[in-house]
Amino acid sequence: MIAFVDSHSHLADPAFDPDRDSVITAARAAGATGIVCIGESLAAAQGARSLAAAHPDLCAWTAGVHPHDAAQFHPPRDLPALRACLDEGASAVGECGLDYHYDTAEPTVQRAAFEAQLALAAECGASVVVHTRDAAADTAALVREAASAGVRGVLHCFTGPADLAVTALEVGWYVSFSGIITFRRWDDDALLRLPPDDRLLVESDAPYLSPVPHRGHRNEPAWVVHTIQKLADARGTTPQAVAAATAANAHRLFALAPRAPG
């Protein structure tokens, strides 16, 4: 068993309603010492908050508005609510960002919502969890701007392009990899070697993106071990080294308390 931190999991998702406690027990048994429960909406943030309250030795939580919901983002209402979440113990703003792959909101609307959340993070001294897809240039520009205001963050579930990772790393941000890197079609191990040890994170993104050998099943935090193994193989090191480095980085970015395996 290796001790690891799942830096991005949607444990409050209804997909876990039938057996959430069993999923958490399995994560502990696999070596999870921390799980960052993502609030991709204000409603999800409250579920994540409840999980963190029920499992304070394991779970942290975040609060943000996903780019898919950017059209419904209303700053006078949502920014005070997000600020309250940070005051109540949320570890980061997010999941927020840009997604031009799906036509859920106009790019200008997405950028406005993302910029508002980055500004809130700057005001509150909070980290940011960023979703980006088919929006590399705009994401890079906003990451640079946020970093200049002192904001730290992570590009979560990263699959490229490499130059966006380089931009994030140059300004002190982190890059996180999910089970996608274990898929048969994955062919960019060079990208997995790009982040230095102190800027690397690992995640499940559960209930999505189950790694091999669990493709086709609902994902779980326990299965992060397969993503860790793939990273270790690509980087020419051991799973223990990857797990230790990514756990230390998650503790630093999300201000997690030190924890031992359950």
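Here is a short report on the structure shown in this document. Because the structure is predicted, anything quoted here is derived from the model rather than measured.

### Quick word on helix H4 (residues 107–124)
Here comes step 1: Taking 1.5 Å of rise per residue, the 18 residues of H4 would be expected to cover 26 Å, and the 26 Å separating its terminal C-alpha atoms lies within 8% of that figure.
Here comes step 2: Those residues of H4 that are buried lie in contact with helix H3 (75–87), strand S4 (92–99), strand S5 (127–133) and helix H5 (136–148).
Here comes step 3: Just downstream of H4, Gly125 is the residue with a positive phi angle, here 65°.

### Digging into the sheet that holds S5
Here comes step 1: If you trace the five strands from one edge of the open sheet to the other, you get S4-S5-S6-S7-S8, paired in parallel fashion. Taken across any chain shown, the strands that pair with only one partner, and hence form the sheet edges, are S4 and strand S8 (200–202). On average, each strand axis in the sheet is tilted by 30° relative to the strand beside it, whichever way the strands run.
Here comes step 2: Bridge analysis of S5 against strand S6 (residues 153–155) gives three bridges, and the strand direction is parallel. The residue of S6 that forms the bridge with Val130 is Leu155.
Here comes step 3: Sitting on the sheet, helix H9 (residues 239–254) is in contact with S4, S5, S6, strand S7 (174–177) and S8, with an inclination near 95° to S8.

### Some words on the nonpolar core
Here comes step 1: One finds Trp173 and Phe177 to be the most contacted residues of the largest nonpolar core, which totals 75 residues.
Here comes step 2: Val5, Tyr174, Ala247 and Leu256 belong to the second-largest nonpolar core, a separate cluster that totals 14 residues.

### Looking at the sheet that holds strand S1 (residues 4–9)
Here comes step 1: One open sheet holds the three strands; their spatial order is S1-S2-S3, and the pairing between them is parallel. Of all the strands in the sheet, just S1 and strand S3 (59–61) have a single pairing partner and so form its edges. Sheet twist, expressed as the average angle between the axes of neighbouring strands with direction ignored, equals 15°.
Here comes step 2: Note: strand S2 (residues 32–37) against S3, three bridges, orientation parallel. If you follow Val36 over to S3, its bridge partner there is Ala60.

The rules behind the values
- Residues numbered from 1 in each chain as written.
- Predicted model: local features only at pLDDT ≥ 70, side-chain atom pairs only at ≥ 80, totals over all residues.
- Heavy atoms only, no water.
- Helix = DSSP H or I, 4+ residues; strand = E, 2+ residues; numbered from the N terminus.
- Expected span 1.5 Å × (residues − 1).
- Contact = heavy atoms within 4.5 Å.
- Pairing = 2+ DSSP bridges.
- Axes fitted to C-alpha atoms, helices over the stretch in contact; angles between N-to-C directions.
- Core = buried A, V, L, I, M, F, W, Y, C linked by side-chain atoms within 4.5 Å.
- Buried < 20%, exposed > 50% of the residue type's maximum accessible area, 1.4 Å probe, protein only.

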